[in-house]
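Take a look at the letters that make up each chain.
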Amino acid sequence: MENFEFYAPTRVLFGKGQEENTGKLIREFGGSRVLVHFGGSSAKKSGLLDRVEASLEREGLSYIEFGGVRANPELPMVREGIELCIREKIDFILAVGGGSVIDSAKDIANGAANPETDVWDFSLKKAVPERTLPKGVVLTLAAAGSEMSESCVITNPETNLKRGYNSRLNRVQFAIENPELTYTVSRFQTACGAVDIAMHTMERYFSPGEETYLTDALAEGVMKTIIAAGKEAVENPESYQARANMMWASSLAHNDLTGSGRRWILPVHQLEHELSGLHTDITHAAGLSALWCSWARYSYTYDLKRFVQFAVNIWGVAQDFEHPEKTALEGIRRQEAYYKELGMPTGLKELGIKEEELETLAEMCSFGKTRELPAIRKLACEDMLNIYRMAYEAG
């Protein structure tokens, strides 16, 4: 087991009706002038925004609405939010939504607290935020795990670059998680959530490291939970238990718990960022499912033991001790079949990617051939291109 530091300071209020406590929590964390940040019209139509804002009013908090966040949150909206916060002297940001809204809120909080720095420089890792505004979340989608992670991913539509950065300052002060708020999430978005949640843990699970028995057990528990809860939520959208298990798994999958003791990196996430950066209409999780099986088949021989463990412990594959590669490949095949069962893509053609774009994607992901991804199989630009090609040929 590698040395590690685990830091998860976010306070979580989980269960039915917890959004009624929003104003009280903001008051406890020192907020008085609140930016209520959200996505489209669903938060208003469902009555959630009214309930949340009523809780703010009960605590005597003033607030300003700032809606319109899109999937793959974009830099221009972040810049607009920063200007609004500075002008209105906002001292707390409340994200009402899923990962896109939360990431946008994080970047706005960092930009408003560090006005001397161009906020895009944080994404490019040219600068690091030194201060931030306090933040809270009312979660409406179990997927990205941003409610308990230190990551923030933003897209710059002018350059087609989608870039993420990590910082302790990206940890939110509280997350309110009411599984009932996810009942109206569409079948497709529910399936996307199942993919994204599992992938946050799978990528950590397949990172370099040894003798992480407890971490492995936690990771395998999260993955198996999502396989079951994801299918149940797709088939029965108002199953409270399925939605509850998905929502809690979302938070645990990306708060670093399931990667503790491993030298984790998320190579498939890095490969995918270029897809939805180049084509912002591609849903992040759809890009992940379209790429993972090709990455796995390209990399499995570099940690065959790990892929065998995955096949046996997650998918119940009978281990072939004489031909372990067969066991590993069967595990990958079953993961692929699960994606198809959920209605998720398993190849790039399904996303409308053109063959002539593959080299561009590899060039972007490798930062112009200057970056390698240190996964179990190190990925240089040529390796990235090979994976994109495999995924393209897969369908």
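Note that this is a predicted model, so its numbers are computed, not measured. (Residues numbered from 1 in each chain as written. Predicted model: local features only at pLDDT ≥ 70, side-chain atom pairs only at ≥ 80, totals over all residues. Heavy atoms only, no water.)

### What about the sheet that holds strand β2 (residues 33-38)?
In spatial order, the strands read β1-β8-β5-β4-β2-β3; together these 6 strands make up an open sheet with parallel pairing. Of all the strands in the sheet, the pair left with one neighbour each is β1 (11-14) and β3 (62-66). Adjacent strand axes in the sheet meet at a mean angle of 15 degrees when their direction is disregarded. Bridge count for β2 against strand β4 (residues 92-97) is 5 bridges, and the pairing is parallel. Note on β4: the bridge partner recorded for Val36 is Leu94. Where helix α4 (residues 75-88) meets the sheet, its contacts fall on β2, β3 and β4, and the angle it forms with β3 comes to roughly 160 degrees. On the sheet, helix α5 (residues 99-113) packs against β2, β3, β4 and β5 (135-139) and is oriented at approximately 165 degrees with respect to β4. (Pairing = 2+ DSSP bridges. Helix = DSSP H or I, 4+ residues; strand = E, 2+ residues; numbered from the N terminus. Axes fitted to C-alpha atoms, helices over the stretch in contact; angles between N-to-C directions. Contact = heavy atoms within 4.5 Å.)

### Remarks on the nonpolar core
Counting 97 residues, the largest nonpolar core has Trp292, Trp295, Phe307, Leu348 and Tyr388 as its most contacted members. It is helix α11 (residues 284-299) that provides the largest number of residues to this core, a total of 10 residues. In this structure, Trp295 is in contact with Phe206, Pro267, Val268, Phe307, Ile376, Leu379 and Ile387, ignoring residues within four places of it in sequence. Formed by 18 residues, the second largest nonpolar core is a distinct cluster that contains Leu13, Val36, Leu56 and Phe174. (Core = buried A, V, L, I, M, F, W, Y, C linked by side-chain atoms within 4.5 Å. Buried < 20%, exposed > 50% of the residue type's maximum accessible area, 1.4 Å probe, protein only.)

### Let's talk about the pairing of β4
Within β4, 6 of the 6 residues are buried, which leaves it mostly tucked inside the rest of the structure. Side-chain alternation along β4 places Phe92, Leu94 and Val96 on one buried face and Ile93, Ala95 and Gly97 on a second face that is also buried. Bridge count for β4 against β5 is 5 bridges, and the pairing is parallel. Following the sheet pairing, Val96 is matched in β5 by Val138.

### With respect to empty space enclosed by the protein
The gaps of empty space that remain are located by a probe, the size of a water molecule, rolled over the atoms. Taken as a whole, this structure holds 2 cavities of 30 Å³ or more when the rule is applied. The volume enclosed by the largest cavity comes to roughly 50 Å³. Around the largest cavity, the lining residues are Ala194, Val195, Ala198, Met202, Met223, Ile227, Phe310, Ile314, Gln335, Tyr338 and Tyr339. Mapped by element, the contributors of at least two residues to the lining of the largest cavity are α7 (187-205), α8 (213-235), α12 (304-315) and α13 (324-342). Among the elements that take part in the lining of the largest cavity, α7 stands out by supplying 4 residues, more than any other. In terms of lining, the second largest cavity is formed by Glu203, Phe206, Ser207, Pro208, Ile265, Pro267, Trp295, Ala375 and Ile376. Split by residue class, the lining of the second largest cavity holds 7 nonpolar, 1 polar and 1 charged. (1 Å grid on protein atoms, 1.4 Å probe; cavity = no way out; pocket = protein on both sides within 12 Å on 5 of 7 lines; lining within 4 Å. Points joined across faces, edges and corners; volume = space filled by probe spheres on them. Nonpolar A, V, L, I, M, F, W, Y, C, P; charged D, E, K, R; others polar.)

### Digging into the packing of aromatic side chains
Inspection of the entire model under this criterion finds 15 aromatic pairs. Here Phe14 and Trp248 contribute two aromatic rings whose centre-to-centre distance is 6.1 Å and whose plane-to-plane angle is 75 degrees, an arrangement assigned as edge-to-face. Placement of Phe14 in strand β1 and of Trp248 in helix α9 (residues 240-253) is noted, with a sequence separation of 234 residues between them. In this structure Trp248 comes out as partly exposed when scored by relative accessible area, which is 37%. Centroid distance Tyr205 to Phe310: 6.3 Å. Interplanar angle 55 degrees. Geometry classified as tilted. Of this pair, Tyr205 sits in helix α7 while Phe310 sits in helix α12, and the two are 105 residues apart along the sequence. As far as burial versus exposure is concerned, Tyr205 and Phe310 are alike and both buried. (Phe/Tyr/Trp six-rings, centres within 6.5 Å; stacked < 30°, edge-to-face > 60°.)

### Looking at the environment of Arg262
Relative to the helices and strands, Arg262 is located in the loop between α9 and α10 (267-278). The spacing of Arg262 and Ala109 is 153 residues in sequence and 30 Å in space, taken between C-alpha atoms. Ignoring anything within four residues of it in the chain, the contact list for Arg262 reads Arg204, Tyr205, Ser207, Pro208, Gly209, Glu210, Thr212, Asp216 and Arg306. Here Thr212 takes part through its side chain, which lies 2.7 Å from a polar atom of the side chain of Arg262. (Polar contact = N/O pair within 3.5 Å; in protein donor to acceptor, adjacent residues only side chain to side chain.)

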